[in-house]
Amino acid sequence: MSEDKRRKLKQISVFLENRKGRLWKAMNVLSSAEINIRALSIADTSGFGILRMIVHNPEEAKKALEADNFVVKVNEVIAVEVIDEPGGLDELLGVLNQADINVEYLYAFVEKKSDNAIVVLRTEDVDAGIAALEASNINILNADDVNLL
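Everything numeric in this text was worked out from a predicted model, so none of it was measured.

A.B. asks: Break down the packing of aromatic side chains for me, citing the residues and quoting the values.
C.D. replies: Summed over all chains, the structure comprises 0 aromatic pairs. The ring of Tyr105 is capped by Arg52, whose NZ or CZ atom sits 3.6 Å from the centre of that ring.

Set out below in structure tokens:
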């Protein structure tokens with residue numbers, strides 16, 4: 001597998017009706033399938049939500065959720081390590097801004113084994129995002145790195 005492919009994480013996006021029990025049901029399906037969630041974010045509108053997750057086995061998660069009538073999409077995202085202090089995210093976004101790369105969305109979590117935070121982001125052009133981040137020596141994580149956190 002090429003290094004570029006390894007640096008792209010598979011994220012699953014689940015479309016949830018904005019009604020009681022749907023989020024729980026999605027979590028129940030993943031739990032029953034023994035899928036471990038490494039990071040998640042949910043954004044909502046009045047009618048539906050989008051649950052975005054990094055999981056240890058995205059193909060199995062997609063299969064399990066679709067078998068339970070959830071609408072699921074797999075996207076490529078980038079996960080990077082940033083220092084967990086004021087300015088860490090500013091530096092990351094500054095690199096992408098200088099390279100004229102649009103960030104569609106991001107979410108973050110604190111990595112408990114070090115002083116860093118992990119930021120998962122989706123850019124309009126994932127390859128260009130990776131190239132700009134690499135050129136600035138920002139640590140890009142691969143799926144193995146994220147699954148070990």
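What follows continues from the structure just given.
A.B. asks: Any details on the nonpolar core? Residues and values, ideally.
C.D. replies: Judged by nonpolar contacts, the single largest core of 16 residues is most densely connected at Ile78, Val80, Leu92, Leu121 and Leu133. When contributions to this core are tallied by element, the ones reaching two or more residues are strand E4 (71–83), helix H4 (88–98), strand E6 (116–123) and helix H5 (126–135). Here the element with the most residues in this core is H5; it accounts for 4 residues. Sequence-distant contacts of Leu92, defined by excluding residues within four places in its chain, comprise Val80, Val82, Val119, Leu121, Leu133 and Ile138. Val14, Val29, Ile35 and Phe70 belong to the second largest nonpolar core, which has 15 residues in total.

A.B. asks: Describe in detail a nonpolar patch on the surface, supporting the description with residues and values.
C.D. replies: Taken together, the side chains of Phe15, Phe48 and Val71 make up a nonpolar region of the molecular surface, amounting to roughly 260 Å² of accessible area. You can see Val71 is positioned in strand E4. Owing to a relative accessible area of 52%, Val71 belongs among the exposed residues under this scheme.

A.B. asks: A description of the pairing of strand E2 (residues 37–44) should follow, citing residues and the corresponding values.
C.D. replies: Where E2 and strand E3 (residues 48–55) come together, 7 bridges link them in antiparallel fashion. Its bridge partner being in E3, Ala43 is matched across the sheet by Ile50. Here E2 hands over to E3 after 3 residues, the two strands then running antiparallel side by side.

A.B. asks: Can you lay out H4 for me, pointing to particular residues and giving the numbers?
C.D. replies: Quick reminder: α-helices carry 3.6 residues per turn. Residues three or four places apart thus point the same way. Taken together, the buried positions of H4 are Gly88, Leu92, Val95 and Leu96. Angularly, the buried residues of H4 cover 95° about the axis, an arc narrow enough to put them on a single face. Seen from the open side of H4, the exposed residues pointing more than 90 degrees away from its buried face are Asp90, Asn97 and Gln98. Against the buried residues of H4 lie E4, strand E5 (103–110), E6 and H5. Just past H4, the residue Asp100 takes up positive phi, approximately 60°.

A.B. asks: An account of the pattern of salt bridges is requested, with residue identities and associated values reported.
C.D. replies: Close approach of charged atoms allows side chains of opposite charge to pair. Enumeration according to the criterion identifies 9 salt bridges in this entry. Linking Arg22 and Glu17 is a salt bridge whose minimum nitrogen-to-oxygen distance equals 2.7 Å. Taking relative accessible area as the criterion, Glu17 reaches 37% and is therefore assigned partly exposed. Counted as one network, the salt bridges with shared partners bring together Lys8, Lys10, Glu76 and Asp127.

A.B. asks: So, the confidence of the model for the protein chain: which residues are in play, and what are the values?
C.D. replies: Summarising the model, the protein chain shows a mean pLDDT of 89, and 93% of its residues fall at 70 or more. When mean pLDDT is taken per element in the protein chain, helix H3 (residues 58–67) scores highest with 96 and helix H1 (residues 3–7) scores lowest with 60.

A.B. asks: Give me unusual backbone geometry: which residues, what numbers.
C.D. replies: The backbone of Glu34 shows a phi angle near 60°, a positive value even though the residue is not glycine. Locating Glu34 in the fold gives a position in the loop between helix H2 (22–32) and E2. Given the relative accessible area of 67%, Glu34 is considered exposed. Residue Asn137 is not a glycine yet carries a positive backbone phi of 60°. Here Asn137 lies in the loop between H5 and strand E7 (140–141). Here Asn137 falls in the exposed class, since its relative accessible area comes to 71%.

Procedures and definitions
- Residues numbered from 1 in each chain as written.
- Predicted model: local features only at pLDDT ≥ 70, side-chain atom pairs only at ≥ 80, totals over all residues.
- Heavy atoms only, no water.
- Phe/Tyr/Trp six-rings, centres within 6.5 Å; stacked < 30°, edge-to-face > 60°.
- Lys NZ or Arg CZ within 6 Å of the ring centre and 35° of its normal.
- Core = buried A, V, L, I, M, F, W, Y, C linked by side-chain atoms within 4.5 Å.
- Buried < 20%, exposed > 50% of the residue type's maximum accessible area, 1.4 Å probe, protein only.
- Helix = DSSP H or I, 4+ residues; strand = E, 2+ residues; numbered from the N terminus.
- Contact = heavy atoms within 4.5 Å.
- Patch = residues over 30% accessible without salt bridge, like charges linked within 9 Å, V, L, I, M, F, W, Y side chains within 5 Å.
- Areas by Shrake-Rupley, 256 points an atom, 1.4 Å probe, with all protein chains shown as cover.
- Salt bridge = Lys/Arg side-chain N within 4 Å of Asp/Glu carboxyl O.
- Pairing = 2+ DSSP bridges.
- Arc of directions from axis to C-beta.
- pLDDT = per-residue confidence, 0-100.

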